[in-house]
Number of protein chains: 2
Amino acid sequence: MTQDNRHSVSVAAVITNEDGRVLVIQRRDNGEWQIPGGILERDESIHAGLKREVNEETCLVIEPHRLTGVYKNVRLGVVALVFRAHAVGGTAAPTDESAVVDWWTTDQVAARMGETFAVRVSDALSSSEVAVRIHDGERIISDNPASAHVARDGHAV
Amino acid sequence: MTQDNRHSVSVAAVITNEDGRVLVIQRRDNGEWQIPGGILERDESIHAGLKREVNEETCLVIEPHRLTGVYKNVRLGVVALVFRAHAVGGTAAPTDESAVVDWWTTDQVAARMGETFAVRVSDALSSSEVAVRIHDGERIISDNPASAHVARDGHAV
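Bear in mind that the values here come from a model prediction, so they are computed numbers and not experimental data.

### Considering the overall build of chain A
Next, step 1: Helix and strand counts for chain A stand at four helices and nine strands.
Next, step 2: Start at the N end of chain A and walk to the C end: the helices and strands fall as β-β-β-β-α-β-β-β-α-α-β-β-α.
Next, step 3: Each of the 157 residues in chain A was classed as buried or not, and the buried ones make up 50%.
Next, step 4: Look at the contacts in chain A between residues 6 or more apart in sequence, and 64% of them connect residues 24 or more apart.

### Description of the sheet that holds strand 6 (residues 78–89) of chain A
All names here are of chain A.
Next, step 1: The mixed open sheet is built from six strands, whose spatial order is 4-1-6-5-8-9. Each of the sheet's edge strands pairs with one partner strand only, and the pair in question is strand 4 (37–39) and strand 9 (140–141).
Next, step 2: Bridge count between strand 8 (residues 131–135) and strand 9: two bridges; the pairing is antiparallel. Bridge pairing links His 135 to Ile 140 in strand 9.

### As for the pairing of strand 1 (residues 8–14) of chain A
Consecutive residues of a regular strand have side chains that alternate between opposite faces of the sheet.
All names here are of chain A.
Next, step 1: With seven of seven residues buried, strand 1 lies mostly within the body of the structure.
Next, step 2: Side chains Ser 8, Ser 10, Ala 12 and Val 14 project from strand 1 onto one buried face, and the interleaved Val 9, Val 11 and Ala 13 project onto a second face that is buried too.
Next, step 3: Inspection of the sheet shows strand 1 paired to strand 6 by seven bridges, in the parallel sense. From the neighbouring strand, Ala 12 faces strand 6, where its bridge partner is Val 82.
Next, step 4: Sheet analysis places strand 1 next to strand 4, joined by three bridges and oriented antiparallel. Bridge pairing in strand 4 links Ala 12 to Gly 37.

### Quick look at the pattern of salt bridges
Next, step 1: Scanning the entire structure with this criterion turns up 20 salt bridges over all chains.
Next, step 2: For Arg 52 of chain A, the salt bridge goes to Glu 44 of chain A, with nearest N and O atoms at 2.6 Å.
Next, step 3: Assessed through its relative accessible area of 10%, Glu 44 of chain A is described here as buried.
Next, step 4: In this structure, the salt-bridge partner of Arg 52 of chain B is Glu 53 of chain B, at a minimum N-O distance of 3.0 Å.
Next, step 5: Among the charged side chains, a network of salt bridges with common partners joins Glu 41, Glu 44, Arg 52, Glu 53 and Glu 56 of chain A.

### Notes on the relation of the copies chain A and chain B
To go from the first copy of the chain to the second, apply a rotation about an axis and then a shift along the same axis.
Next, step 1: For the match of chain A to chain B, the screw axis carries a shift of 0.0 Å, the RMSD comes to 0.0 Å, and the turn is 180°. On this basis, the relationship between the two copies can be described by a two-fold rotation axis. Among all C-alpha atoms of chain A, that of His 7 of chain A lies closest to the rotation axis, at 2.6 Å.
Next, step 2: A symmetric contact is evident, with 100% of the interface residues of chain A recurring at the interface of chain B.

### Structural notes on the sheet that holds strand 4 (residues 37–39) of chain B
Residues and elements named next belong to chain B.
Next, step 1: In space, the six strands of this open sheet follow the order 4-1-6-5-8-9, with mixed pairing throughout. Both edges of this open sheet fall to strand 4 and strand 9 (140–141), since each of them pairs with a single strand only.
Next, step 2: The pairing of strand 5 (residues 61–73) with strand 8 (residues 131–135) spans five bridges and is parallel. If you follow Lys 72 over to strand 8, its bridge partner there is Ile 134.
Next, step 3: Sheet strands in contact with helix 1 (residues 46–58) are strand 1 (8–14), strand 4, strand 5 and strand 6 (78–89), and its direction is about 100° off that of strand 5.
Next, step 4: Helix-sheet contacts for helix 3 (residues 115–125) involve strand 1, strand 5, strand 6, strand 8 and strand 9, and the interaxial angle to strand 5 is about 125°.

Calculation rules
Residues numbered from 1 in each chain as written. Chains lettered and ligands numbered in written order. Predicted model: local features only at pLDDT ≥ 70, side-chain atom pairs only at ≥ 80, totals over all residues. Heavy atoms only, no water. Helix = DSSP H or I, 4+ residues; strand = E, 2+ residues; numbered from the N terminus. Buried < 20%, exposed > 50% of the residue type's maximum accessible area, 1.4 Å probe, protein only. Contact = heavy atoms within 4.5 Å. Pairing = 2+ DSSP bridges. Salt bridge = Lys/Arg side-chain N within 4 Å of Asp/Glu carboxyl O. Least-squares fit on C-alpha atoms with pLDDT ≥ 70 in both. Axes fitted to C-alpha atoms, helices over the stretch in contact; angles between N-to-C directions.

Structure (structure tokens):
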């Protein structure tokens, strides 16, 4: 092909504790609050990459549960795969990559996390089908009438 | 990063007719039977890429319904996103990219399509959660005990 259409693929996890709070990290490199995750390596399985990235950022050992959303950054060419997962070992703690590891209520997520990450949490905690959304790095973009409807009615986007 | 971890991302559709037969195409370039789909462009939305690729291979105008599986080729670094979709316009016909467009029963799919594509059809037609699988271009690879169990019990893989 004449154009390089390759994408970065990232994997991230929505993990809740017994109180329903969501595991969040503050990245050391840019100070942003996100759910744990990172870039999938080219020869790595999706589940293995998810486990590795979450461990690198939180010290937790996790098991993936189910895929809950796919999010494409159409400006940068990044496809993010987000999973519900649960901890099976370790204790949440800061690492080389994360300055703070915390558990937030869903209200805190909606108020303090950027829109493109907060929507991944609300999608993962809803019982609807897997979300497929596009964004520009700042805001969710309406891709079709169905997704626009969900965005208006179901989430703070 | 020191290594280029970018992936090709492909999109494909499982479309059935009123008899429950599955839309398949025979590619002109390599003669293989597949479900319609192709490579997502870097600045393109996932749904737009799906509609474009299916139209280029079948002349049909489709609407995506739901994501049914994510499949990574760990040898080549390709992530495939597969959707259930339905035709909303056009008539299925060969194109520059597809030598034959046909409607197959699920038995024909299992017998005549390569394993890594046949599993996308069986996953899409099952009512279970979104499948997440890895393969080497020829065969599905067991990624964890849960997926191995599904592969043994639920599908012809």
